[in-house]
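Tertiary structure, described
Read off the chains here:
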Amino acid sequence: MILLDSTYVHTGGGKVLLNYFLGKIPITKQKDIYLLLDSRINLKNKSTFKHKVINPSELERRIFYKKNNHKFSKYFCFSNVPPPIKTNKETFIFFQNELILSTRNSEFGYIKKLNFWIKKSYIKLLNRNYLWIVQTKHMMGKLSREFNIEKKDIFIYPFFQAEHEFKKKQKTSLNIFIYPTSLDKHKN
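Residues numbered from 1 in each chain as written. Predicted model: local features only at pLDDT ≥ 70, side-chain atom pairs only at ≥ 80, totals over all residues. Heavy atoms only, no water.

**Some details on the sheet that holds strand 3 (residues 50–54)**
Put simply, the rule is: By definition, two strands form a pair when at least two bridges between them are found by DSSP. Helix and strand definitions here come from DSSP, where helices need a minimum of 4 consecutive H or I residues and strands a minimum of 2 consecutive E residues; each element is numbered from the N-terminal end. To define axes, lines are fitted to C-alpha atoms, for helices over the stretch in contact only, and angles between the resulting N-to-C directions are given on a 0 to 180 degree scale. The contact definition used throughout considers only heavy atoms, calling two residues in contact when any of these lie within 4.5 Å.
Strand order in the open sheet formed by 7 strands is 3-2-1-4-5-6-7, with parallel pairing between adjacent strands. Each end of this open sheet is capped by a strand with a single partner; those strands are strand 3 and strand 7 (154–156). When the angles between neighbouring strand axes are averaged without regard to direction, this sheet yields 20 degrees. The pairing of strand 5 (residues 90–94) with strand 6 (residues 131–134) spans 3 bridges and is parallel. Note that in strand 6 the partner of Phe92 across the bridge is Leu131. Across the sheet, helix 3 (residues 58–68) is in contact with strand 1 (2–6), strand 2 (33–38), strand 3 and strand 4 (74–77); its angle to strand 1 comes to roughly 175 degrees.

**Some points on the nonpolar core**
Inclusion rule: Only buried residues count toward a nonpolar core. Its members are Ala, Val, Leu, Ile, Met, Phe, Trp, Tyr and Cys residues joined through side-chain atoms within 4.5 Å. Only protein chains enter the area calculation, which uses a 1.4 Å probe; residues under 20% of their type maximum are buried, those over 50% are exposed, and those in between are partly exposed.
By size, the foremost hydrophobic cluster in this structure holds 28 residues, and its most contacted members are Leu3, Tyr65, Phe95, Trp132, Leu143 and Phe147. Contributions of two or more residues to this core are made by strand 2, helix 3, strand 4, helix 4 (98–101), helix 5 (110–126), strand 6 and helix 6 (137–147). When residues in this core are grouped by element, the largest group, 4 residues, is from helix 6. If we ignore the near neighbours within four places in the chain, the residues touching Phe95 are Asn80, Ile100, Leu101, Ile123, Trp132, Ile133, Val134, Met139, Leu143 and Phe147. If you look at the next biggest cluster of nonpolar residues, it comprises 17 residues, including Leu17, Leu18, Ile33 and Leu37.

Structure (C-alpha cells):
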C-alpha cells in the first residue's frame, strides 16, 4: 500500500492539484492508496480512498508514521515535506511551494518570511535519499541548489487541469504569451 501524505495541503493551488491528482487515479487502484489528510481540507473524493484526517502538525504526522510504518511499501508526500521519520522505503516528495526556497520577491512581513525559513531548514534536516517531483525545470534548478539534491533525483512532471479550451483564431500574432497566475508578487 502507498501512503499519500497530503498534510498541510488545504487551500489554493495545492488543493486544486490534489483534487485533480486523486481524480485521475483509477477506481481499481484506489484500494492501494491510503490518504493522510489535513483536517482543514474539504476534499471532494476522499470517501473513495482509505484515509485518516489529522491536525496539521509534525508531531501528529510523526505519531501516525511511527504507528503505521509497517503498513506501507512507499511514501508519496504531496506537500513539500519529507516523512518525519527515517525510512528506507521508496519515497517521493512533490515540491511546489517556491516560497519555501526563497521569499525574496514576496511582499510578506518578517514573521511570515521567518516561518518559510524555518520550514526550509526543517526540510533540509529531513532530506535524505528521496526522489523529488516538481512541475518545471526552474523549480528543479532551485530545489537542487537550495537543498543540495542531485538533478538525477528530481523528476519534472507537470500536471494541471485545463479549465478552458482555447480556440485558435484565424490570424495570430507570433508574440502571444499567456501566463495564468494569481496577483501574488512572487508569481509574476
